[in-house]
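Summary of the model geometry
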Amino acid sequence: MGLLNSDQRKLELVVQSGLLLAKNLDLQTIVQAATDAGLELCGAQFGAFFYNVLDKHGERYALYTLSGVAREKFAKFPMPRNTGVFAPTFEGTGIVRSADITKDPRYGQNAPYKGMPEGHLPVRSYLAVPVKASSGEVLGGLFYGHEEAGIFELECEELLAMVAAQAAAAIENVRLREQLTRKIADLEKSKLNLMNVSGHVTALAAIVESSDDVILSKDLNGRITSWNQAAVQIFGFSKEEMVGRPIFDLVPAHLHEEERAILGRIRNGEKLENYETLRLSKDGRTLHVDLGISPLRDSSGAVVGSSSILRDLTRRKNMEKALIQAEKLAAAGRMAATIAHEINNPLEAVLNLVFLIKTNAANSSQVLAYAEDAETELIRIAHLARQTLGFYREHSAVALISISSLVADVLRIYGPRCKTVGALVKASLNSEARLVLRTGEMMQVISNLIINAIYAMPDGGDLSVTVEDIMKDDGPAVRLSIEDTGCGIPHQHRERIFEPFFTTRHTIGTGIGLFIARQFVEGHGGTIEFETSTDPSGHGTCFSIVLPQQTVYADILLDSQLNRSVRF
Ligand SMILES: Nc1ncnc2c1ncn2[C@@H]1O[C@H](COP(=O)(O)OP(=O)(O)OP(=O)(O)O)[C@@H](O)[C@H]1O
Ligand SMILES: [Mg+2]
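Figured I'd write up the structure that's included with this text. (Residues numbered from 1 in each chain as written. Chains lettered and ligands numbered in written order. Predicted model: local features only at pLDDT ≥ 70, side-chain atom pairs only at ≥ 80, totals over all residues. Heavy atoms only, no water.)

**Examining the overall build of the chain**
If you tally the helices and strands in the chain, you get 16 helices and 17 strands. The buried share among the 568 residues of the chain stands at 39%. When contacts within the chain are restricted to residue pairs at least 6 apart in sequence, those whose partners lie at least 24 apart make up 61%. For the chain, the exposed surface amounts to about 31800 Å²; the carbon and sulfur share of it is 55%. (Helix = DSSP H or I, 4+ residues; strand = E, 2+ residues; numbered from the N terminus. Buried < 20%, exposed > 50% of the residue type's maximum accessible area, 1.4 Å probe, protein only. Contact = heavy atoms within 4.5 Å. Areas by Shrake-Rupley, 256 points an atom, 1.4 Å probe, with all protein chains shown as cover.)

**Observations concerning the coordination of the magnesium ion (ligand 2)**
Distances from the magnesium ion (ligand 2) to its protein donors, Asn-448 (OD1) and Asn-452 (OD1), fall within 2.2 to 2.4 Å. Residue Asn-448 and its partner Asn-452 are both found in helix α13 (residues 439-456); the two are separated by four residues, about one turn of the helix. Classification of Asn-448 by relative accessible area gives buried; the value is 11%. Asn-452 sits in the buried class, given a relative accessible area of 14%. (Donors = N, O, S within 2.8 Å, 3.2 Å for Na, K, Ca; no water.)

**Describing the sheet that holds strand β16 (residues 527-533)**
On the basis of which strands lie adjacent, the open sheet formed by five strands has the order β12-β14-β15-β17-β16 and mixed pairing. The strands lining the two open edges of the sheet, one partner per strand, are β12 (423-429) and β16. Strand-to-strand twist of the sheet, defined as the mean angle between neighbouring strand axes without regard to direction, takes the value 15 degrees. Relative to strand β17 (residues 540-548), strand β15 (residues 475-484) is paired through eight bridges, and the arrangement is antiparallel. Following the sheet pairing, Ala-477 is matched in β17 by Pro-548. Taken strand by strand, helix α15 (residues 513-523) contacts β16 and β17, and its axis lies near 140 degrees from that of β16. (Pairing = 2+ DSSP bridges. Axes fitted to C-alpha atoms, helices over the stretch in contact; angles between N-to-C directions.)

**A short note on helix α12 (residues 403-421)**
Structural remark: α-helix, 3.6 residues per turn; residues separated by three or four positions point the same way. Its 19 residues give α12 an end-to-end C-alpha distance of 25 Å, which sits within 8% of 27 Å, the value for a rise of 1.5 Å per residue. A bend of about 50 degrees at Tyr-414 is the largest found in α12, and the proline Pro-416 appears one to four places after it. Residues of α12 that are buried: Ile-403, Ser-404, Leu-406, Val-407, Val-410, Leu-411, Tyr-414 and Cys-418. In the stretch just after α12, Gly-422 is the one whose phi turns positive, near 80 degrees. (Expected span 1.5 Å × (residues − 1). Bend = angle between axes of the 7 residues up to and from the residue.)

**Section: the site of ligand 1**
Ligand 1 sits among 20 residues. The nearest are Thr-503, Thr-504, Arg-505, Thr-510 and Leu-514. Within the contact set of ligand 1, an oxygen atom lies 2.5 Å away from a side-chain nitrogen or oxygen of Thr-503. One of the side-chain N or O atoms of Arg-505 is found 2.4 Å from an oxygen atom in ligand 1. In the complex, 94% of the free accessible area of ligand 1, which totals 590 Å², lies under the protein chains. Sorting the residues of the shell around ligand 1 by element identifies α13, α15 and β17 as the ones contributing at least two each. (Near = heavy atom within 4 Å. Polar contact = N/O pair within 3.5 Å; in protein donor to acceptor, adjacent residues only side chain to side chain.)

**Comments concerning the sheet that holds strand β9 (residues 286-297)**
In space, the five strands of this open sheet follow the order β7-β6-β10-β9-β8, with antiparallel pairing throughout. In this open sheet, the two strands that pair with only one neighbour each are β7 (224-227) and β8 (272-280). Averaged over all neighbouring strand pairs, the angle between strand axes comes to 30 degrees, with direction disregarded. Examined bridge by bridge, β8 and β9 share seven bridges and lie antiparallel to one another. The residue of β9 that forms the bridge with Tyr-275 is Leu-291. Taken strand by strand, helix α8 (residues 256-267) contacts β6 (214-219), β8, β9 and β10 (303-312), and its axis lies near 145 degrees from that of β8.

**Focus on the packing of aromatic side chains**
Per the counting criterion, the structure on display carries six aromatic pairs. When the centroid spacing of 5.5 Å and the interplanar angle of 35 degrees are considered together, the rings of Phe-50 and Tyr-64 count as tilted. You can see Phe-50 sitting in strand β1 (residues 46-54) and its partner Tyr-64 sitting in strand β2 (residues 60-67), a full 14 residues away along the chain. The pair Phe-50 / Tyr-64 is uniform in exposure class, with both members buried. Chaining the aromatic ring pairs together yields one cluster made of Phe-50, Tyr-64 and Phe-143. (Phe/Tyr/Trp six-rings, centres within 6.5 Å; stacked < 30°, edge-to-face > 60°.)

**Things to note about helix α2 (residues 27-42)**
Across its 16 residues, α2 extends 23 Å between first and last C-alpha, which sits within 8% of the 22 Å expected from 1.5 Å per residue. Of the positions making up α2, those classed as buried are Leu-27, Ile-30, Val-31, Ala-33, Ala-34, Thr-35, Ala-37, Gly-38, Leu-39, Leu-41 and Cys-42. One or two residues past the end of α2 sits Gly-43, with phi positive at roughly 70 degrees.

**Focus: the pattern of salt bridges**
Evaluation of the coordinates by the stated rule reveals 17 salt bridges. One salt bridge in this structure joins Glu-441 and Arg-438, with 3.7 Å as the shortest N-O distance. Comparing Glu-441 with Arg-438 shows no difference in burial state: the two are buried. Each member of the salt-bridge network shares a partner with another, and the members are Asp-100, Lys-103 and Arg-124. (Salt bridge = Lys/Arg side-chain N within 4 Å of Asp/Glu carboxyl O.)

**Some thoughts on the pairing of strand β13 (residues 434-438)**
Across the five residues of β13, four count as buried, placing the element largely inside the fold. As paired strands, strand β11 (residues 398-402) and β13 are joined by five bridges and run antiparallel to one another. Within the sheet, the bridge partner assigned to Ile-401 lies in β13 and is Leu-435.

**Comments concerning the nonpolar core**
Grouped together as the largest cluster of nonpolar side chains are 42 residues, with contacts concentrated most on Ile-403, Ile-450 and Leu-480. Contributions of two or more residues to this core are made by α12, β13, α13, β14 (461-472), β15, α15 and β17. In terms of residues, this core owes the most to one element, α13, which gives eight residues. Leu-27, Leu-39, Ala-164 and Ala-170 belong to the second largest nonpolar core, which has 32 residues in total. (Core = buried A, V, L, I, M, F, W, Y, C linked by side-chain atoms within 4.5 Å.)

**Quick notes on the environment of Thr-93**
Along the chain, Thr-93 turns up in the loop between α4 (87-90) and β3 (96-98). The spatial distance from the C-alpha of Thr-93 to the C-alpha of Val-129 is 9.5 Å, given a sequence separation of 36 residues.

**Quick look at the state of the cysteines**
Among covalent bonds in proteins, the disulfide is the one between the sulfur atoms of two cysteines. Enumeration according to the criterion identifies zero disulfides in this entry. The cysteine Cys-42 is free of any disulfide, with Cys-156 supplying the nearest cysteine sulfur at 5.0 Å. (Disulfide = S-S within 2.5 Å.)

**Some details on unusual backbone geometry**
Unusually for a residue other than glycine, Asn-274 sits at a positive phi of about 45 degrees. Of note, Asn-274 is situated in strand β8. Under the relative-accessibility criterion, Asn-274 is labelled exposed at 62%.

Take a look at the structure:
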């Protein structure tokens, strides 16, 4: 292509390329158009535009377009480096125009090519113009060449400078637009995030509102800042009534100090979990509540208030109370039924015997026999009354006595009976320690254990009774063991034998012997345990009672001795 000789045509070309560049938004098209316009304007054989682009991460890399030459001709050459001939263009310091670049002193100074790489298009005439943004930043450079020397005239510099300025403006436009697009995308994203956040907030608010537990927040002075629907239901105060009011309005006066301490702990960033306390409702009821409090922090991490989750335990507590009450009533009912049954039978017998006595009044020996039978029945009733109604307890004075001597007394009473059933008694009464005991109670406990053992050995066996001093962590104690070689207690009964009215001896037992024994022993500060086996090769049961030598009645005895006449 020859040199354009019409100024008019050149101007037109500049204006056209300007318009083309201005309305184009694709970088590749812009730089191609600029390269082409430059080529035509200065009559070069070939031209190139090396330009810097920013990728979507904002990182810079170089691209190029060519004009007047096929791309393959350039493809195998590396990008021109910022050295020698190219430096003024890439650094933006000025236009380089050379009639014969191979003669330029800057030419051929750099390794590895020392001039043009082999196979490069032959270039003599050379013209390079930096493309600079308005900020002074170098966006790239327009390079033109011709194989003949002296092609580019001074006028070409001006024309190319205009094309470079237009290209720079167009590139800047593209960049601005890209930046804008990125910003809009970022904004869209943050708007979306914001929408998500606000969605979460709405969802959380709905959860808080619909929670069955009271959820409230308060500031560091204890003023309520939020109040959910459950709070309205449980406390009876509306949101409008409570927000802004001090939490102390819900706290019973005697717990204000405790609440102040809680607020102090929250201020220090502490949490509170499963804290059972009391609160007041609008209608003045005291509510049992379970509290969990966590500090609320602002974005800098400073504690600005607290959020509380509060569960109303009043119903649960009331239900527990009702259950216990019901259990007590049921137990009392069972007891009454048992007593009625147990007492009715012998009473019936006594009534019959009295009738017989009256009708046989003349026969004194017969009357005596009936009277003796009646006496036996009445003794049974008396025993039952003592067992069930705490007769012994009421008449149980405290005394300083050794367990060994109490056991000896009981064995004297039951010795004959043991003999009858073939139970061989082996007694090792090795403790002399004297303890302050309610003797009546302890006699009843020991009697019951011995009778139980006798019942367990209907065909005879060994009954070993041992009393010994032992040392426990909390001081000296006495252990009483009553061991039989009887039937043993089956697995399914072991958990239940201390329950009131649990008995397997329905005709003769009331099932309260062990229940009462435990009460009495524990009442002295002692323990009662058992080991048992139903194994055919070695069955039997051993009950052990351990009593501290310093029983809980020791002080009472001292008092009673001082006052001389106290009975319990
Ligand atoms: N030494 C033992 N060997 C086997 N079973 C025993 C022994 N001691 C207690 N039991 C079992 O424990 C149950 C409860 O004993 P507990 O002394 O409380 O009541 P009871 O003897 O049946 O009646 P009572 O109220 O007249 O004492 C007995 O019915 C029996 O099944
Ligand atoms: Mg018993």
